[in-house]
Amino acid sequence: MSAIKKIPEWIQKIIKEQYDVTIYLHDDKKFPNGRSHIMVSLKKIKKINNKYLSGTDINGRSYEFSSVEDFNYEVKKIY
């Protein structure tokens, strides 16, 4: 594949902002859906740490998740 054909693909990777964030709860804690983890699709992450997640979802709405106990998270960038 030539370098010129790769340019549109490279530009798409730069322009498109989407992240899949998976939040995992510790011990036997569960979310209301009965699972110990949830996945959220965000187009912007404002702040993320072990107790707080803030960002904008793919529909443009503000999203926040906070917990008094620590949680683990995994961030995947979607191209």
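See the structure above.
Residues numbered from 1 in each chain as written. Predicted model: local features only at pLDDT ≥ 70, side-chain atom pairs only at ≥ 80, totals over all residues. Heavy atoms only, no water.

Caption draft 1: Structural detail: the sheet that holds strand β5 (residues 72-77). Pairing in this open sheet of 5 strands is antiparallel, and the strands run β4-β3-β2-β1-β5 from one edge to the other. The open sheet is flanked by β4 (62-66) and β5, the only strands paired with a single partner. Averaged over all neighbouring strand pairs, the angle between strand axes comes to 45°, with direction disregarded. Two elements, strand β1 (residues 19-24) and strand β2 (residues 37-48), share 6 bridges in a ladder whose sense is antiparallel. Each residue of the ladder has a partner; that of Asp20, found in β2, is Ser41. (Pairing = 2+ DSSP bridges. Helix = DSSP H or I, 4+ residues; strand = E, 2+ residues; numbered from the N terminus. Axes fitted to C-alpha atoms, helices over the stretch in contact; angles between N-to-C directions.)

Caption draft 2: Looking closely at the pattern of salt bridges. Summed over all chains, the structure comprises 4 salt bridges. Note that Glu69 and Lys29 form a salt bridge whose closest N and O atoms lie 3.8 Å from each other. One end of the pair, Glu69, is in the loop between β4 and β5; the other, Lys29, is in the loop between β1 and β2, with 40 residues separating them in the sequence. For Glu69, a relative accessible area of 39% translates into the label partly exposed. Residues Asp57 and Arg61 are paired through a salt bridge, measuring 3.5 Å at the closest nitrogen-oxygen approach. Overall, Asp57 belongs to the buried group, its relative accessible area being 12%. For Arg61, a relative accessible area of 52% corresponds to the exposed category. (Salt bridge = Lys/Arg side-chain N within 4 Å of Asp/Glu carboxyl O. Buried < 20%, exposed > 50% of the residue type's maximum accessible area, 1.4 Å probe, protein only.)

Caption draft 3: Summary view of the packing of aromatic side chains. Taken as a whole, this structure holds 2 aromatic pairs when the rule is applied. Here Phe31 and Phe65 contribute two aromatic rings whose centre-to-centre distance is 5.7 Å and whose plane-to-plane angle is 50°, an arrangement assigned as tilted. In this pair, Phe31 is assigned in the loop between β1 and β2 and Phe65 in strand β4, connecting sequence segments 34 residues apart. Here the aromatic rings of Phe65 and Phe71 are separated by 5.2 Å at their centres, their planes lie at 70°, and the arrangement is edge-to-face. The buried category is assigned to Phe71, whose relative accessible area is 1%. Through pairs of rings, three or more aromatic residues link up here, namely Phe31, Phe65 and Phe71. (Phe/Tyr/Trp six-rings, centres within 6.5 Å; stacked < 30°, edge-to-face > 60°.)

Caption draft 4: Looking closely at the nonpolar core. If you look at the biggest cluster of nonpolar residues, it comprises 11 residues: Tyr19, Val21, Ile23, Leu25, Phe31, Ile38, Val40, Leu42, Leu53, Phe65 and Phe71. Elements with a minimum of two residues in this core: β1 and β2. Once residues lying within four places of it in the same chain are set aside, the contact partners of Phe71 are Ile23, Tyr24, Leu25, His26, Asn49, Asn50, Lys51, Tyr52 and Phe65. (Core = buried A, V, L, I, M, F, W, Y, C linked by side-chain atoms within 4.5 Å. Contact = heavy atoms within 4.5 Å.)

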